[in-house]
Amino acid sequence: MFDFSHDECFFEHELTQNKELALPFDLTSMAGDSVALDKLVEQVFHQTHLSALITVKGTKTRTNAETRLRVGLRSLLWHLHQAMMIAPHCYLRLSLRAQAFSVPPSQNPHGITRNIPQIVDRLQQTGLITCHKGFLDRTSGHSRMTRIRATNTLMSRLIELPRNLRECDFERPTVEFRPSNKQSRAPIPPVDNACVQQTHDLLTCYNRTLSDTQITIDGLDQRLLVNRDKVINLNRKRLTAIYHVTDDGHLTYGRLHGAFWQSIPRVIRPHLLINGCSTIGYDYSAQALHIIAALEGTSIYGDGYDIDLNINGLDKSIQREFIKTFIVICLNSTDMSQAFSGIRQKLNKDRRMTNSSLRLTNDVLKHVSDKILSHHPFLNSYWIKGLGKEIFYQDALLARDILRTSLSEQMVVLPIHDGFITDSHHDTRLYQIMEACWHDRFRTAIKIKRE
């Protein structure tokens, strides 16, 4: 069993050198009802003289302005408390740009307004926080947002808050739409069709079931987990289908996101508990390859990623992972040079690659591409055409088939894209559902392996 004490929640060896541990400021996250927190909000509100920021004179408008300031302050104190619970040296990372708060109500349900920068300044002036304004780290090329952290003065007061201070339940949307082929992750107006409505109905039922289900990690009683500088909120159980919309209105992607178990390290997944019961997991082997093969009217026999590349310097222990990464990037790219650049960037982060004698020159990567296409000629129709999201759309449909079937049988199944987890009592049944749903959709066979 893993021993996850409060300090061990912080995977120090996995932190990068270019980023400091920081909890992102989440406009959708707010503490639930807490007399102790509300009392602290009032104390800090008066201590920092936030009322001096109000310039309106009408009684009603002044009251509304004070309410907005208190909500903003409450949100900041809640996040600072959360950061402190991770580690005393954990920062809160946030944007002080007004545009960050000009978002739809679905992304800002508590009405946090653009007065956050003024509140941050007041907290800093009164010595309650330290503040590092955003800047560009020229050594890494990463842009850093502003980072704030409670000083000992404020931390001593945050520590007095209930340790079990919980996040209020916010009903996140079941379906969200984003523009395809753009960097912006901002939602766009919804697309109304029968498929989207079915997804909404399914996830509404699924999320309602999860709200009544206890999903925990054995031996870990913290609500927050940190892995590779990413803070994982263990209370987040709701799933949202993220659709990407092309310029002509076509829907792609559609995968399910939002639940905490999708972000935890693979080594921790076996320690998930559903209503206190141990869990098992299965996933489809080489799923993307099998989907494309089925769409092209053919089948794969054996391990689709077992291809002899005949390259000196490539460790056999990472060859399968190398090929998988190579294929995924080429399916999502529209230009060969773009694909090669992405492959180098991805693989150069792997210590096993950097310690090998292999050099990822264009000739080597072209050789790998030719080998893969020779072994799997059905990939030609999808190779370097930016069609990866279409494949993800297909696996998202499959995932919803599995959730729909499991819900009809009152089974709780936790999806992780091409893998699924359930409690150990339903071990055999999950395997049968995954096998049947795959055959019903693609009419081929695929290996299902236990995680």
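Everything below is about the structure shown above.
Notes on the structure in this doc start here. (Residues numbered from 1 in each chain as written. Predicted model: local features only at pLDDT ≥ 70, side-chain atom pairs only at ≥ 80, totals over all residues. Heavy atoms only, no water.)

Describing the sheet that holds strand β1 (residues 22-24)
Here is the rule we go by: By definition, two strands form a pair when at least two bridges between them are found by DSSP. Here a helix means four or more residues in a row that DSSP labels H or I, a strand means two or more in a row labelled E, and each is numbered from the N terminus. Axis definition: a line fitted to C-alpha atoms, limited for helices to the stretch in contact. Angles are taken between N-to-C directions and run from 0 to 180 degrees. The contact definition used throughout considers only heavy atoms, calling two residues in contact when any of these lie within 4.5 Å.
With respect to topology, 4 strands assemble into an open sheet ordered β1-β2-β6-β3, the strand pairing being mixed. Every other strand in the sheet has two partners, leaving β1 and β3 (129-132) as the edge strands with one partner each. Adjacent strand axes in the sheet meet at a mean angle of 30° when their direction is disregarded. Across 4 bridges, β3 lies against strand β6 (residues 146-150) in antiparallel orientation. Bridged to Cys 131 within β6 is Ile 148. Lying on the sheet, helix α3 (residues 116-125) is in contact with β2 (91-94), β3 and β6; it crosses β3 at an angle near 120°.

As for helix α12 (residues 427-442)
The cut-off we apply is this: By definition here, a helix of n residues has an expected span of 1.5 Å times n minus one. For each residue, the accessible area found with a 1.4 Å probe, counting protein chains only, is set against the maximum for its type, and the residue is called buried under 20%, exposed over 50%, and partly exposed in between. The arc under discussion is defined with respect to the helix axis, by the directions toward the C-beta atoms.
Over its 16 residues, α12 extends 23 Å from the first C-alpha to the last, a length consistent with the 22 Å expected when each residue adds 1.5 Å. Of the residues making up α12, those classed as buried are Asp 427, Leu 430, Ile 433, Met 434, Cys 437, Trp 438 and Phe 442. Viewed end-on, α12 has its buried residues packed into an arc of 130°, placing them on one side of the element. Those residues of α12 that are exposed and aimed more than 90 degrees away from the buried face are Thr 428 and Asp 440. Where α12 is buried, its residues meet β14 (277-284), α6 (287-295), α11 (388-408), β16 (419-423) and β17 (448-450). Arg 443 sits one or two residues past α12 and shows a positive phi near 60°.

Structural notes on the nonpolar core
In a soluble, globular protein the nonpolar side chains are often hidden away together inside. Basically, it comes down to this: In this description, a nonpolar core means a group of buried Ala, Val, Leu, Ile, Met, Phe, Trp, Tyr and Cys residues linked to one another through side-chain atoms lying within 4.5 Å.
Among the nonpolar cores identified, the biggest contains 88 residues, and Trp 261, Phe 326 and Trp 383 are the most heavily contacted of them. Filtering out sequence-adjacent residues up to four positions away, Trp 261 remains in contact with Tyr 206, Leu 210, Ile 215, Lys 237, Arg 269, Leu 272, Leu 414, Pro 415 and Ile 416.

Points about the pairing of β2
Here is the key point about a regular strand: its side chains alternate between the two faces of the sheet. Judged from the 3 bridges that link them, β1 and β2 form a sheet pairing that is parallel. Bridge pairing links Ala 22 to Tyr 91 in β2. Pairing of β2 with β6, which is carried by 3 bridges, proceeds in the antiparallel orientation. In the sheet register, Leu 94 faces β6, and the bridge partner there is Thr 146.

Quick word on the state of the cysteines
Between two cysteines, a covalent bond joining their sulfur atoms is known as a disulfide. As a reminder of what qualifies: Whenever a pair of cysteine sulfur atoms sits within 2.5 Å, that pair is classed as a disulfide.
In total, this model carries 0 disulfides according to the counting rule given. Here Cys 205 stays free of any disulfide, with the sulfur of Cys 437 as its closest cysteine sulfur at 16 Å. Free cysteine: Cys 437, not disulfide-bonded; nearest cysteine sulfur from Cys 195 at 15 Å. The exposure class of Cys 437 is buried, given its relative accessible area of 7%.

With respect to the packing of helix α7 (residues 316-332) against helix α8 (residues 336-347)
As a reminder, the rule being used: By definition, turning the near helix anticlockwise from the far helix through less than a right angle yields a left-handed crossing, and turning it clockwise yields a right-handed one. Charged means Asp, Glu, Lys or Arg here, nonpolar means Ala, Val, Leu, Ile, Met, Phe, Trp, Tyr, Cys or Pro, and polar covers whatever is left, Gly included.
Where α7 meets α8, the axes come as close as 9 Å, and the angle between the chain directions of the two elements is 140°. The handedness of the crossing between α7 and α8 is right-handed. Contacts between α7 and α8 involve Phe 322, Thr 325, Phe 326, Ile 329 and Cys 330 from the former and Ala 339, Phe 340, Gly 342, Ile 343, Lys 346 and Leu 347 from the latter. Of the residues contributing to the contact of α7 with α8, the split by class is 8 nonpolar, 2 polar and 1 charged.

A few points about the pattern of salt bridges
The condition is simple: What makes a salt bridge here is a side-chain nitrogen of Lys or Arg within 4 Å of a carboxyl oxygen of Asp or Glu, nothing more.
Tallying each qualifying case throughout the model produces 17 salt bridges. Here Arg 74 and Asp 38 are joined by a salt bridge, their closest N and O atoms 2.8 Å apart. Of this pair, Arg 74 sits in helix α2 (residues 59-86) while Asp 38 sits in helix α1 (residues 35-47), placing them 36 residues apart in sequence. Its relative accessible area of 36% is what places Asp 38 among the partly exposed residues.

A word on the environment of His 376
For His 376, the location among the structural elements is in the loop between α10 (362-375) and α11. Classification of His 376 by relative accessible area gives buried; the value is 4%. Remark: the alpha-carbon pair of His 376 and Ile 300, spanning 76 residues in sequence, is separated by 8.7 Å.

A look at the packing of aromatic side chains
Aromatic ring pairs are reported here in terms of the distance separating the ring centres and the angle at which the planes meet. For clarity, the cut-off: The criterion for an aromatic pair is that two Phe, Tyr or Trp rings (for Trp, the six-membered ring) have centres within 6.5 Å, with stacked assigned to planes under 30 degrees apart, edge-to-face to planes over 60 apart and tilted to the rest. Only Lys NZ and Arg CZ are tested; either one counts as a charge over a ring when it is within 6 Å of the ring centre and within 35 degrees of the ring normal.
For the structure shown, the criterion picks out 10 aromatic pairs. Aromatic pair Phe 177 and Tyr 243: ring centres 5.7 Å apart, planes at 20°, arrangement stacked. In this pair, Phe 177 is assigned in strand β7 (residues 175-179) and Tyr 243 in strand β11 (residues 240-245), connecting sequence segments 66 residues apart. Ring centres 6.5 Å apart and planes at 85° place the aromatic pair Tyr 284 and Phe 420 in the edge-to-face group. Pair noted here: Tyr 284 is in strand β14 and Phe 420 is in strand β16, with a separation of 136 residues, a long-range link. An identical accessibility class is assigned to Tyr 284 and Phe 420; each is buried. Ring-pair connections join several aromatic residues into one group, and the members of that group are Tyr 284, Phe 420, Trp 438 and Phe 442. The ring of Tyr 91 has Arg 147 sitting right over it, with the charged end atom 4.9 Å from the ring centre. Between the NZ or CZ atom of Arg 149 and the centre of the ring of Tyr 91, over which it lies, the distance is 4.4 Å.

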